[in-house]
Amino acid sequence: MELFRGLKARGRRFLLGVLAASFALFGSACETNVGPQDFLTPEGPVARRADGLWDVTFAIAVVIFVVVEAVLVFTLVKFRRRPGREAAQFHGNTKLEVILTLIPTLILAGLAVPTVKAIADLSKKSEGALDVTVTAKQFWWEYKYPDAGVVTANEMHVPTRTPIFLSLESTDVIHSFWIPDLTGTQDVIPGRTNNMQFIADEPGTYWGQCKEYCGLSHANMRLRVIAHEPAEFERWLQDQSQPAANATSGAAAEGQQIFLQTCVNCHAVQGTEAKGTIGPDLTHFASRETFAGATFANTTENLRKWVDHPAAIKPGAPMPDYGLSAQEIDAVVAYLQTLE
Ligand code: HEC
Ligand SMILES: [Cu+2]
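Residues numbered from 1 in each chain as written. Chains lettered and ligands numbered in written order. Predicted model: local features only at pLDDT ≥ 70, side-chain atom pairs only at ≥ 80, totals over all residues. Heavy atoms only, no water.

### Regarding the coordination of the iron atom of ligand 1
- Here the iron atom of ligand 1 is held by the protein donor atoms H267 (NE2) and M319 (SD), which lie 2.0 to 2.1 Å from it.
- Under the relative-accessibility criterion, M319 is labelled partly exposed at 24%. (Donors = N, O, S within 2.8 Å, 3.2 Å for Na, K, Ca; no water. Buried < 20%, exposed > 50% of the residue type's maximum accessible area, 1.4 Å probe, protein only.)

What follows is the structure in structure tokens.
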């Protein structure tokens, strides 16, 4: 209080401002309504293992912070310059410097043991794991289930309590696959296959994101993992392995004609001549909740905008604008919505 009264009005205002800002910062740490991509709320054993390492590291860091700050403040006060006395100097104190080098080395070496062990354990393919091949492309994800011959995009369906073993490939630039609640990140690099594994405890939708800057729409290269009870997952896989039915009447039939003239070079719809592989396989497009890198809800309005001019809503998206009329767009959208 002595100190506070000694300050000029301006100094006092400044001090109050700093205090208020600190309180605001501390208060914000009490936020409990966490976002869907919070790696501190693990939802499966792989993510929990990584989170456990984080907890240990954080606890050690807190202790170090408190001890170092306490010693710092103590030293500043105790050895400061005073009338008739110079500030103390520790430069060249070999014993102190050896100790201060040794302690961090030992802490880091100690942390490396469980970390390296976890990395080795988690990179092994578990018995009974389900294989999924992930191919990253600007700016979306393709998923292949090699055993079932199913191909889909952006939304990966998986069974709960089952190890999912991913083989990650890229056809263009470096991306990074990340589902914060389920597993850490893994770079996806052209010309090589990386692997990672995860398990989801409970049915639900888990959000993810490309984590390596990969171009204009990097931020729109999102993903979802949708976990089902194993029996329900088998049903989903069964449905997805069926070819699409032909649209036989109305706007959808007209839309299919346009689709087979305009969109076939890049998109596949099993059961039709559309066999393109540049864009997502659309055989079961209508069964997806989102599209274009899980960026847009799969609604009529969003689809109209997308087919009209993709790059207008997703910058840099490598799908051209074909200058279709409003009526043609409606027809194509009606067709896409039959692809259940
Ligand atoms: C030159 C190749 C090309 C052509 C031709 C093309 N597309 Fe695409 N399409 C793409 C690419 C690439 C994407 C993925 C873009 C992204 O998500 O960033 C895409 C994405 C889509 C999606 C979203 C799929 C999903 O699940 O995310 C739909 C729907 C779609 N295209 C419909 C069409 C229609 C309808 C036509 C014809 C009017 C068409 N496309 C023509 C390349 C093409
Ligand atoms: Cu990416």
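That was the structure; now back to the text.
### A few points about the packing of aromatic side chains
- Tallied over the full model, the rule gives 11 aromatic pairs.
- Geometrically, the ring pair formed by Y145 and F233 is tilted, given 6.3 Å between the ring centres and 40° between the ring planes. Of the two residues, Y145 is situated in strand β2 (residues 140-145) and F233 in helix α5 (residues 230-240); the sequence distance between them amounts to 88 residues. Each of the two residues, Y145 as well as F233, counts as buried.
- With a centroid separation of 6.3 Å and 50° between ring planes, the pair formed by F296 and W306 is classed as tilted. One end of the pair, F296, is in strand β12 (residues 296-297); the other, W306, is in helix α7 (residues 300-308), with 10 residues separating them in the sequence. Accessibility assignment for this pair places F296 and W306 in one class, buried.
- An aromatic cluster is built from F285, F291, F296 and W306, whose rings are joined through pairwise contacts.
- Directly above the ring of W207 sits R224, whose terminal nitrogen or CZ lies 4.2 Å from the centroid. (Phe/Tyr/Trp six-rings, centres within 6.5 Å; stacked < 30°, edge-to-face > 60°. Helix = DSSP H or I, 4+ residues; strand = E, 2+ residues; numbered from the N terminus. Lys NZ or Arg CZ within 6 Å of the ring centre and 35° of its normal.)

### Here we look at the pairing of strand β8 (residues 194-198)
- Burial within β8 is extensive, with four of its five residues counted as buried.
- Sheet topology places strand β5 (residues 164-170) next to β8; five bridges connect them, and they run antiparallel. Note on β8: the bridge partner recorded for L166 is M196. (Pairing = 2+ DSSP bridges.)

### Re unusual backbone geometry
- In this structure, F139 follows Q138 across a cis peptide bond, with omega equal to 0°.
- Along the chain, F139 turns up in the loop between β1 (130-137) and β2.
- The phi angle at N154 is positive, at roughly 65°, despite the residue not being glycine.
- By secondary structure assignment, the location of N154 is in the loop between β3 (150-153) and β4 (155-159).
- You can call N154 buried: its relative accessible area is 3%.
- Despite not being glycine, A294 has its phi angle at roughly 50°, a positive value.

### Overview of the coordination of the copper ion (ligand 2)
- Coordination of the copper ion (ligand 2) by the protein comes from H175 (ND1), C210 (SG), C214 (SG) and M221 (SD), over a distance range of 2.1 to 2.5 Å.
- Every donor counted, the four donor atoms about the copper ion (ligand 2) form angles of 91 to 123° at the centre, which fits tetrahedral coordination.
- When the donor residues of the copper ion (ligand 2) are listed from N- to C-terminus, their spacing reads H-x34-C-x3-C-x6-M.
- Looking at C210, the relative accessible area reads 1%, which means it is buried.
- Residue classification places C214 among the buried residues on the basis of a relative accessible area of 5%. (Tetrahedral: all angles 85-135°; square planar, octahedral: opposite > 155°, others 65-115°.)

### Quick look at the sheet that holds β2
- Pairing in this open sheet of five strands is mixed, and the strands run β3-β2-β1-β5-β8 from one edge to the other. Unpaired on one side and paired on the other, β3 and β8 mark the two borders of the sheet. With strand direction ignored, the average angle separating the axes of adjacent strands in the sheet is 25°.
- Looking at chain direction, β1 and β2 are connected through five bridges and run antiparallel. Along β2, the bridge assignment pairs K137 with W140.
- The sheet contacts of α5 involve β1, β2 and β3, and relative to β3 the element is tilted by about 95°. (Axes fitted to C-alpha atoms, helices over the stretch in contact; angles between N-to-C directions. Contact = heavy atoms within 4.5 Å.)

### A few points about the site of ligand 1
- Close to ligand 1 lie 24 residues, the nearest being C263, C266, H267, R288 and M319.
- Here an oxygen atom of ligand 1 and a side-chain polar atom of N154 are 3.2 Å apart.
- Take W306: an N or O atom from its side chain is 3.4 Å from a nitrogen atom of ligand 1.
- At the level of elements, α6 (250-262) and α9 (326-336) are the ones that each hand at least two residues to the shell around ligand 1.
- Within the shell around ligand 1, the residues separate by chemical class into 17 nonpolar, five polar and two charged. (Near = heavy atom within 4 Å. Polar contact = N/O pair within 3.5 Å; in protein donor to acceptor, adjacent residues only side chain to side chain. Nonpolar A, V, L, I, M, F, W, Y, C, P; charged D, E, K, R; others polar.)

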